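Tertiary structure, described
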Amino acid sequence: MVTFPEVEEGQGPILMLNLLKFKNRDLYFQEYLPAFNQVVKQLGVEGTKLSLASDVLGNIIAEEGEVWDAILLVEYPSAEAFKTIALSSEYHEIAEPLRLAALADLKLFMTRKFDL
């Protein structure tokens with residue numbers, strides 16, 4: 001289920017935490033990500049970037065059987081920019097079929113940095 005949290009507009013960048021379980025890792029990185037970048041470019045959304053890509057080495061605190069292959073942290077200039085991409089027909093036609101083919105499971109969290 002896809003839900004979008006209520007986020008006050010104009011509050012700056014967000015980070016999307018992606019937990020990924022692959023069916024086909026190569027398809028994800030070699031075809032889905034370039035297709036996603038194509039959609040971002042077509043929509044004219046600037047400031048979207050991959051901030052972190054990391055393999056999961058093991059679970060320390062997680063539900064039994066919860067296993068993830070990789071974590072991606074993607075920065076968007078705003079929550080509105082993310083929604084523009086995620087809800088676009090371009091994303092659903094070009095990139096989403098590749099994502100669905102490449103992933104066995106996905107969790108996605110919208111976050112915002114804060115100062116300590």
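It should be noted that the structure appears before, not after, this text.
This write-up is about the structure you can find in this document. As the structure is a computational prediction, the values presented were derived from the model and not from experiment.

**Observations regarding the packing of helix α1 (residues 25-43) against helix α3 (residues 89-102)**
Running from amino to carboxyl end, α1 crosses α3 at an angle of 165°, the nearest separation of the two axes being 9 Å. Of the possible angle classes, the one that applies to α1 and α3 is roughly antiparallel. The chirality of how α1 crosses α3 is left-handed. Contact residues: α1 offers L27, Y28, E31, Y32, A35, F36, Q38, V39, Q42 and L43, while α3 offers E90, Y91, I94, A95, L98, R99, A101 and A102. Classifying every residue of the contact of α1 with α3 gives 13 nonpolar, two polar and three charged.

**Here we look at the nonpolar core**
With 26 residues, the main nonpolar core has Y28, Y32, F36, Y76, I85 and Y91 as its most contacted residues. Elements with a contribution of two residues or more to this core: β1 (14-22), α1, β3 (70-76), α2 (79-86) and α3. At eight residues, α1 tops the list of elements feeding residues into this core. Contacts of Y76, omitting those with residues within four sequence positions, involve P13, I14, M16, F36, G47, T48, F82 and I85.

**Looking at the environment of T111**
Structurally, T111 is set in strand β4 (residues 103-111). When the C-alpha atoms of T111 and A79 are compared, they prove to be 9.4 Å apart, with 32 residues separating the residues in sequence. If we ignore the near neighbours within four places in the chain, the residues touching T111 are I14 and L15.

Cut-offs used in this document
- Residues numbered from 1 in each chain as written.
- Predicted model: local features only at pLDDT ≥ 70, side-chain atom pairs only at ≥ 80, totals over all residues.
- Heavy atoms only, no water.
- Axes fitted to C-alpha atoms, helices over the stretch in contact; angles between N-to-C directions.
- Helix = DSSP H or I, 4+ residues; strand = E, 2+ residues; numbered from the N terminus.
- Parallel < 35°, antiparallel > 145°, perpendicular 65-115°, else oblique.
- Left-handed = near helix turned anticlockwise from the far one by under 90°.
- Contact = heavy atoms within 4.5 Å.
- Nonpolar A, V, L, I, M, F, W, Y, C, P; charged D, E, K, R; others polar.
- Core = buried A, V, L, I, M, F, W, Y, C linked by side-chain atoms within 4.5 Å.
- Buried < 20%, exposed > 50% of the residue type's maximum accessible area, 1.4 Å probe, protein only.

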